[in-house]
Amino acid sequence: QGGSDARQYLFRREYDSLPPDNRARHLLAALAVFGRAANQEELRTVLQCDQLQVQDAIGAVFELFLSVDQEKGEATYALNEVTRAFVLEEAPKLSRFPSSKSM
């Protein structure tokens, strides 16, 4: 229980400190809904952002939230199950989350 509480506190603190434009939060929500790894092009399409905006969002969440895999020269991004569970709890608070659920 203590480890779970500490992890929740850490996730909450980092999630709340993400940039106010919510792109990073939407990126996390998209990955949580996908339930699988996605590349930058998929994320760009779903988030309706340009490449730089997606890269900035990835940079904002990279260290704590994302797992990265370099497969065939292309990076894919995913959430581990603990992170995914946290994000799925938070994602409905986002203004665009309902449209994300239709992915």
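Residues numbered from 1 in each chain as written. Predicted model: local features only at pLDDT ≥ 70, side-chain atom pairs only at ≥ 80, totals over all residues. Heavy atoms only, no water.

Residues at a pLDDT of 70 or more form 91% of the protein chain, whose mean pLDDT is 89. Across residues 98-103, where pLDDT falls below 50, the model places 6 contacts with residues more than four positions away in sequence or in other chains. (pLDDT = per-residue confidence, 0-100. Contact = heavy atoms within 4.5 Å.)

Where helix H2 (residues 23-34) meets helix H5 (residues 81-90), the axes come as close as 9 Å, and the angle between the chain directions of the two elements is 115°. With respect to their mutual orientation, H2 and H5 come out roughly perpendicular. The way H2 lies across H5 gives a crossing that is left-handed. Here Leu28, Ala29, Ala32 and Val33 of H2 come into contact with H5, specifically with Arg84, Val87 and Leu88. Among the residues making up the contact of H2 with H5, the classes are represented as 6 nonpolar, no polar and 1 charged. (Axes fitted to C-alpha atoms, helices over the stretch in contact; angles between N-to-C directions. Helix = DSSP H or I, 4+ residues; strand = E, 2+ residues; numbered from the N terminus. Parallel < 35°, antiparallel > 145°, perpendicular 65-115°, else oblique. Left-handed = near helix turned anticlockwise from the far one by under 90°. Nonpolar A, V, L, I, M, F, W, Y, C, P; charged D, E, K, R; others polar.)

In space, the 3 strands of this open sheet follow the order E1-E3-E2, with antiparallel pairing throughout. Of all the strands in the sheet, the pair left with one neighbour each is strand E1 (38-39) and strand E2 (67-71). Note that E1 and strand E3 (residues 74-78) share 2 bridges and pair antiparallel. Following the sheet pairing, Asn39 is matched in E3 by Thr76. (Pairing = 2+ DSSP bridges.)

Let us look at H5. Of the residues making up H5, those classed as buried are Thr83, Phe86, Val87 and Glu90. Considered in projection along H5, the buried side chains sweep an arc of 95° and stay on one side of the axis. Among the exposed residues of H5, those pointing more than 90 degrees away from its buried face are Glu81 and Glu89. Put simply, Asn80 is the residue that caps the front of H5, since its side-chain oxygen is 3.1 Å from the backbone nitrogen of Val82. (Buried < 20%, exposed > 50% of the residue type's maximum accessible area, 1.4 Å probe, protein only. Arc of directions from axis to C-beta. Polar contact = N/O pair within 3.5 Å; in protein donor to acceptor, adjacent residues only side chain to side chain.)

This part covers the packing of aromatic side chains. Taken as a whole and assessed by the stated rule, the structure comprises 3 aromatic pairs. On the basis of an interplanar angle of 35° and a centroid distance of 5.7 Å, the ring pair of Phe11 and Phe65 is categorised as tilted. Of this pair, Phe11 sits in helix H1 (residues 2-16) while Phe65 sits in helix H4 (residues 51-65); the two residues are 54 residues apart in sequence, bridging distant segments of the chain. As far as burial versus exposure is concerned, Phe11 and Phe65 are alike and both buried. The interplanar angle of 80° and the centroid separation of 5.5 Å between the aromatic rings of Tyr15 and Phe86 together place this pair among those described as edge-to-face. Of this pair, Tyr15 sits in helix H1 while Phe86 is found in helix H5, placing the two residues 71 residues apart along the sequence. Phe86 gets classed as buried once you look at its relative accessible area, which sits at 2%. Through successive ring pairs, a cluster of aromatic residues spans Phe11, Tyr15, Phe65 and Phe86. When the ring centre of Tyr15 is taken as origin, the NZ or CZ atom of Arg25, which lies over that ring, is 5.3 Å away. The ring of Phe34 carries the charged tip of Arg36 above its face, separated from the ring centre by 4.8 Å. (Phe/Tyr/Trp six-rings, centres within 6.5 Å; stacked < 30°, edge-to-face > 60°. Lys NZ or Arg CZ within 6 Å of the ring centre and 35° of its normal.)

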